[in-house]
Amino acid sequence: MRRSHAFWLVALAPLAGCPPLQDPQCPEPLMSDADKTSSSERYAELYRPRYHFSPERGWLSDPNGLIYLDGEWHMFFQHNPDEPMWGPMSWGHAVSSDLVNWQHLPVALRPHAQLGTVFSGTAVSDRANSSGLCTGASCLVAVFTHAFGDDGQQKQSIAASSDGGRTFTEYSGNPVIPNPGLIDFRDPKVLWHAPTSRWVMALAAGDRAHFYTSQDLKSWTKVSELGPFDGLEGAWECPDLFPLTLGGVEKWVFKLDRNVGLGESDNLGFAMVGGFDGERFEPETTPPGRRLDFGPDFYAAQSFNDAPDGRRIWLGWRESWQYALGTPTDPWRGSMTIPRELSLVDDGAGPMLLQRPAPELRALRGACAIASQAAIDVPEGVSDALTGVEGDALEINLVVEPKDARAAGLAVRRGGGEETRIGYDRERGVVFVDRTTSGDVLFVSNFGARFEAPLSLRDGGMPLTIFVDRASVEVFADGGRAVLSVNVYPLPSSVGLAPFAEGGPARLLDVEVQRLKNATFTPAP
């Protein structure tokens, strides 16, 4: 196997129990008791993420209106600012210059007395003022769903901002797309389609998507439908539509989430790859397409419009509708995943979407790794090779070689009988995250479970990148070919790491552990 080593990586005889090596020129201190809690009010809150975005207070769910404008990444999101429970929905707002540190801003859109609450949608930069609603380079138009209200229906509305999203004025002619008689009719994704010089909208409409076009963001014409498809039963939600290249050829990705009901475990996201001519999406991959995340806690992902250098970056709601209303956090509930950079690869079965951690996250790393080992031989059971290496905010890179073991990997957030196991099951051919004994697993039935992503070994090993935060793990396997996002709720004192092997000995290669600093989340003015 061809392996890449960081410059500080030191070759080590693969003996179980050897202490993790550190760069002697760059010692990283062990985690103190103060580190495990923190003196700041924010990080003293149980399960408050150290680097994942979460609201100051109240409820957070779907990311909305993601856009890069005037040097700022804008994140709007479904928000109840008054209590950590769903509804009545508003759009929260935050901005960042680096995708890592965020400035909270005042609520951007609030419920309308007649039209209803503000569901999910998009923000676009209307620099040419095609809408006639605002002028200047900072002209931003939000396209969103007004839900219920006096008519009890879901319909599409717009609002304009001339100050980069700090304040919005709702269009007097709302709704711009009335409800055609559907119960579920929501979550518009809008983009500018340069080849046809028109705005294009993908809209969730029951068990399918409707596509609309417009010259001015106010008058819309329906031009096509996509679906329904076997395997995508239930209400479609939060579509996304964007181009990516594969081998120098432009492809289009259509993403959707399937909502089969509150409390259900099968609310999942899928992506299809195909062609789009400005009116109709033609899938190249067989519907329902590829599953986006094999963990339970990735939903409603949206990509940023107008990201610089042609990049396509998205993030999702790090939660599951199976238990979102009861997660043990306060005074907030809900957070986002880390931002992920997207690309396409052909894996032999057709084009598939790769998701990799956005490189901006490297800014959270310390000056050096807290552990670097070229190899760790793991006997059957649990190894003490990483004793003393601790953290509740970590980036871990390693390659798991199961060898003769049935399964092998690394246990994180370990202590007091708690641990979350991440590894590869050779017999089943899957990457897995097992949160059966991860901490508080009793606040909802069936929370303590194991999640699996089918994936073949690469030259006998499985490369893994693992992001650990106070209440989550996000696992990127084999360069992002499979991802598992899993929430966990351990005690603050459970910060240990331990290699493990089940059913025989195994080996971990190129083990590198980075402790991540707290991101900055500035309160709203």
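The text that follows walks through the structure, step by step, so that each part is easy to find. The structure displayed is predicted, hence computed values, not measured ones.

Parameters at a glance
- Residues numbered from 1 in each chain as written.
- Predicted model: local features only at pLDDT ≥ 70, side-chain atom pairs only at ≥ 80, totals over all residues.
- Heavy atoms only, no water.
- Salt bridge = Lys/Arg side-chain N within 4 Å of Asp/Glu carboxyl O.
- Helix = DSSP H or I, 4+ residues; strand = E, 2+ residues; numbered from the N terminus.
- Buried < 20%, exposed > 50% of the residue type's maximum accessible area, 1.4 Å probe, protein only.
- Pairing = 2+ DSSP bridges.
- 1 Å grid on protein atoms, 1.4 Å probe; cavity = no way out; pocket = protein on both sides within 12 Å on 5 of 7 lines; lining within 4 Å.
- Points joined across faces, edges and corners; volume = space filled by probe spheres on them.
- Disulfide = S-S within 2.5 Å.
- Nonpolar A, V, L, I, M, F, W, Y, C, P; charged D, E, K, R; others polar.
- Phe/Tyr/Trp six-rings, centres within 6.5 Å; stacked < 30°, edge-to-face > 60°.

What follows is about the pattern of salt bridges. Pairs can form between side chains of opposite charge whenever their charged atoms are close. Taken as a whole and judged by the stated rule, the model has 33 salt bridges. When the shortest N-O distance is used, the salt bridge between Glu360 and Arg311 registers 2.7 Å. Placement of Glu360 in the loop between β22 (351-357) and β23 (371-378) and of Arg311 in the loop between β18 (299-303) and β19 (313-317) is noted, with a sequence separation of 49 residues between them. Note on Glu360: relative accessible area 21%, which makes it partly exposed. We note a salt bridge from Glu395 to Arg365, for which the minimum N-O separation is 2.9 Å. Here the residue Glu395 occupies a position in strand β25 (residues 394-401), and Arg365 occupies one in the loop between β22 and β23, the gap between them amounting to 30 residues.

For the rest of this paragraph, the subject is the pairing of strand β26 (residues 407-415). For β26, the buried fraction is high: 7 of the 9 residues fall into the buried class. The sheet contact formed by β26 and strand β27 (residues 418-425) spans 7 bridges and is antiparallel. Counted as the bridge partner of Ala408 is Tyr424 from β27. Linking two consecutive strands that pair antiparallel, namely β26 and β27, is a turn of 2 residues; a positive phi of about 60° is found at Gly416 within it.

Take the layout of surface pockets next. Think of a ball as big as a water molecule: rolled over the atoms, this probe shows where empty space is left. Space inside the second largest pocket adds up to approximately 470 Å³. Taken together, 24 residues make up the lining of the second largest pocket; nearest its centre are Leu191, Trp192, Pro243, Asp306 and Arg312. Of all the secondary structure elements, the ones that give two or more residues to the lining of the second largest pocket are β5 (117-125), β9 (185-193), β13 (235-246), β14 (249-259) and β21 (340-346). The greatest single-element share of the lining of the second largest pocket, amounting to 4 residues, is contributed by β13.

Let's shift gears to unusual backbone geometry. Cis geometry marks the peptide bond from Gly227 to Pro228, where omega comes out at 5°. Its place among the elements puts Pro228 in the loop between β12 (221-226) and β13. Going from Asp330 to Pro331, the amide bond is cis rather than trans, its omega being 10°. Considering the arrangement of structural elements, one finds Pro331 in the loop between β19 and β20 (332-333). Positive phi values are uncommon outside glycine, yet Ser197 reaches one of about 50°. For Ser197, the position within the fold is in the loop between β9 and β10 (198-205).

Under the counting rule described, the total for this entry stands at 1 disulfide. Linked covalently through their sulfurs, Cys134 and Cys139 form a disulfide whose S-S length is 1.8 Å. The sign of the 50° torsion about the S-S bond sets the Cys134-Cys139 disulfide as right-handed. By relative accessible area, Cys139 is classed as buried at 0%.

With that settled, the discussion passes to empty space enclosed by the protein. Enumeration according to the criterion identifies 5 cavities of 30 Å³ or more in this entry. Within this model, the largest cavity holds a volume of roughly 80 Å³. Every residue lining the largest cavity is counted, 13 residues in all, and those nearest its centre are Arg318, Thr329, Trp332, Ser335 and Tyr489. Of the pockets and cavities examined, the second largest cavity occupies roughly 70 Å³. Of the residues contributing to the lining of the second largest cavity, the split by class is 10 nonpolar, 2 polar and no charged.

Looking now at the packing of aromatic side chains. Between two aromatic rings, the relevant description is the distance of the centres plus the angle of the planes. Across all of its chains, the model carries 31 aromatic pairs by this definition. Residues Trp86 and Phe119 carry aromatic rings whose centres are separated by 6.2 Å and whose planes lie at 70° to one another, so their mutual orientation is edge-to-face. Taken together, the positions of Trp86 in the loop between β2 (72-80) and β3 (90-96) and Phe119 in strand β5 put the pair 33 residues apart, joining distant regions of the chain. Given the relative accessible area of 41%, Trp86 is considered partly exposed. Measuring from centroid to centroid gives 6.2 Å for Trp236 and Phe254, while their planes differ by 45°, and the two rings are tilted. One end of the pair, Trp236, is in strand β13; the other, Phe254, is in strand β14, with 18 residues separating them in the sequence. By relative accessible area, Trp236 is classed as buried at 1%.

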